[in-house]
Amino acid sequence: WVQDLWRTIEKNGDLYLGHYEDWYCVGCESFKTEKELVQPGNLCSTHMKAVERVKEETFFFRLSKYEKRLLALYEKRPSFIEPATRRNEVISFVQGGLKDLSVSRTSFSWGIPVPGHPRHVMYVWFDALANYRSALGEGELSRFWAPQSKVLHLVGKDILRFHTVFWPAFLLAAGYSEDALPTQVF
């Protein structure tokens, strides 16, 4: 299912090949911007450990394309992100401008292979978020997936952006309607 999601997003034109270079936190399994790092020492603010400078070929997801659509979603459905302090944090992040997101890796081989590109594996957050849908198969889909039912993601604040920015954008890029997105992220 994850590879099908990838193929759909790629077919829709929201994935492209390029090179990425930035600071990477192994503990978070994510890239960090300069402003997210603690100085001196380029430390991850979560783990207080030095991040690594990484450059590699990667597929990018056109996250920047979804900035206005995500902001409209948050305005239309204020209860999508609760509590309000976290909603405000996400809105501020998105209003600050979204950059396209690196969604594949070539520096290791474990993970779900990118269809048609055997040197690439999917970025862990691309496939991990897709597990919410893929774990259901087809039989339980109507019971546990929007819009037929209320879908609540209860998450820790450290993974808020993945669930409120990246995941809805991936689903929108795959052709899901706003009604088929999770109901709420708390």
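Cut-offs used in this document
Residues numbered from 1 in each chain as written. Predicted model: local features only at pLDDT ≥ 70, side-chain atom pairs only at ≥ 80, totals over all residues. Heavy atoms only, no water. Pairing = 2+ DSSP bridges. Helix = DSSP H or I, 4+ residues; strand = E, 2+ residues; numbered from the N terminus. Contact = heavy atoms within 4.5 Å. Axes fitted to C-alpha atoms, helices over the stretch in contact; angles between N-to-C directions. Parallel < 35°, antiparallel > 145°, perpendicular 65-115°, else oblique. Nonpolar A, V, L, I, M, F, W, Y, C, P; charged D, E, K, R; others polar. Core = buried A, V, L, I, M, F, W, Y, C linked by side-chain atoms within 4.5 Å. Buried < 20%, exposed > 50% of the residue type's maximum accessible area, 1.4 Å probe, protein only. Left-handed = near helix turned anticlockwise from the far one by under 90°. Arc of directions from axis to C-beta. Salt bridge = Lys/Arg side-chain N within 4 Å of Asp/Glu carboxyl O.

*Asks:* Tell me about the sheet that holds strand 6 (residues 101–102), residues and numbers included.
*Replies:* The strand order across the open sheet formed by four strands is 2-1-5-6, and the pairing between neighbours is antiparallel. Unpaired on one side and paired on the other, strand 2 (30–32) and strand 6 mark the two borders of the sheet. Pairing of strand 5 (residues 52–61) with strand 6 involves two bridges; the strand directions are antiparallel. Bridged to Phe 60 within strand 6 is Ser 102. Sitting on the sheet, helix 6 (residues 160–173) is in contact with strand 2, strand 5 and strand 6, with an inclination near 30° to strand 5.

*Asks:* Any chance you could break down the packing of helix 2 (residues 67–76) against helix 6 for me, citing the residues and the numbers?
*Replies:* As a packed pair, helix 2 and helix 6 sit with axes 10 Å apart at the nearest point and diverge in direction by 110°. When the axes of helix 2 and helix 6 are compared, the pair comes out roughly perpendicular. Touching Arg 69, Leu 70 and Tyr 74 of helix 2 are Thr 164, Val 165, Pro 168, Ala 169 and Leu 172, all from helix 6. The residue makeup of the contact of helix 2 with helix 6, split by class, is six nonpolar, one polar and one charged.

*Asks:* Give a detailed account of the nonpolar core, specifying residues and quantitative values.
*Replies:* Formed by 43 residues in total, the largest nonpolar core has its most connected members in Ile 9, Phe 61, Tyr 74, Val 103, Phe 126, Val 165 and Phe 170. Taken together, the elements giving at least two residues each to this core come down to helix 1 (2–11), strand 5, helix 2, helix 3 (84–95), helix 4 (124–134) and helix 6. Considering each element in turn, this core owes the most residues, ten residues, to helix 6. Sequence-distant contacts of Phe 170, that is, excluding residues within four places in its chain, are made with Ile 9, Phe 61, Leu 101, Val 103, Trp 125, Phe 126 and Leu 129.

*Asks:* If you had to explain the packing of helix 3 against helix 6 to someone new, which residues and values would you point to?
*Replies:* Running from N to C, helix 3 and helix 6 cross one another at 55°; their axes reach a closest spacing of 11 Å. Looking at the two axes, helix 3 sits oblique to helix 6. As helix 3 runs across helix 6, the sense of the crossing is right-handed. Contact residues: Arg 86, Glu 89, Val 90, Phe 93 and Val 94 in helix 3; Leu 160, Arg 161, Thr 164 and Val 165 in helix 6. Residues that form the contact of helix 3 with helix 6 fall into these classes: five nonpolar, one polar and three charged.

*Asks:* Help me get a handle on helix 1, residues and values and all.
*Replies:* Note on helix geometry: an α-helix contains 3.6 residues per turn, so any two residues three or four positions apart are oriented the same way. Of all the residues in helix 1, the buried ones are Val 2, Leu 5, Trp 6 and Ile 9. Here the buried residues of helix 1 occupy an arc of 100° about the axis, which is enough to place them on one side.

*Asks:* Could you give an account of the pattern of salt bridges, with specific residues and numbers?
*Replies:* One pass over the full model with this rule turns up ten salt bridges. We note a salt bridge from Asp 22 to Arg 53, for which the minimum N-O separation is 3.7 Å. Pair noted here: Asp 22 is in strand 1 (residues 15–25) and Arg 53 is in strand 5, with a separation of 31 residues, a long-range link. Note that Glu 36 and Arg 161 form a salt bridge whose closest N and O atoms lie 2.9 Å from each other. With Glu 36 in the loop between strand 2 and strand 3 (37–38) and Arg 161 in helix 6, the pair connects residues that are 125 residues apart, well separated along the chain.

None of the figures reported here should be taken as evidence of function without further support.
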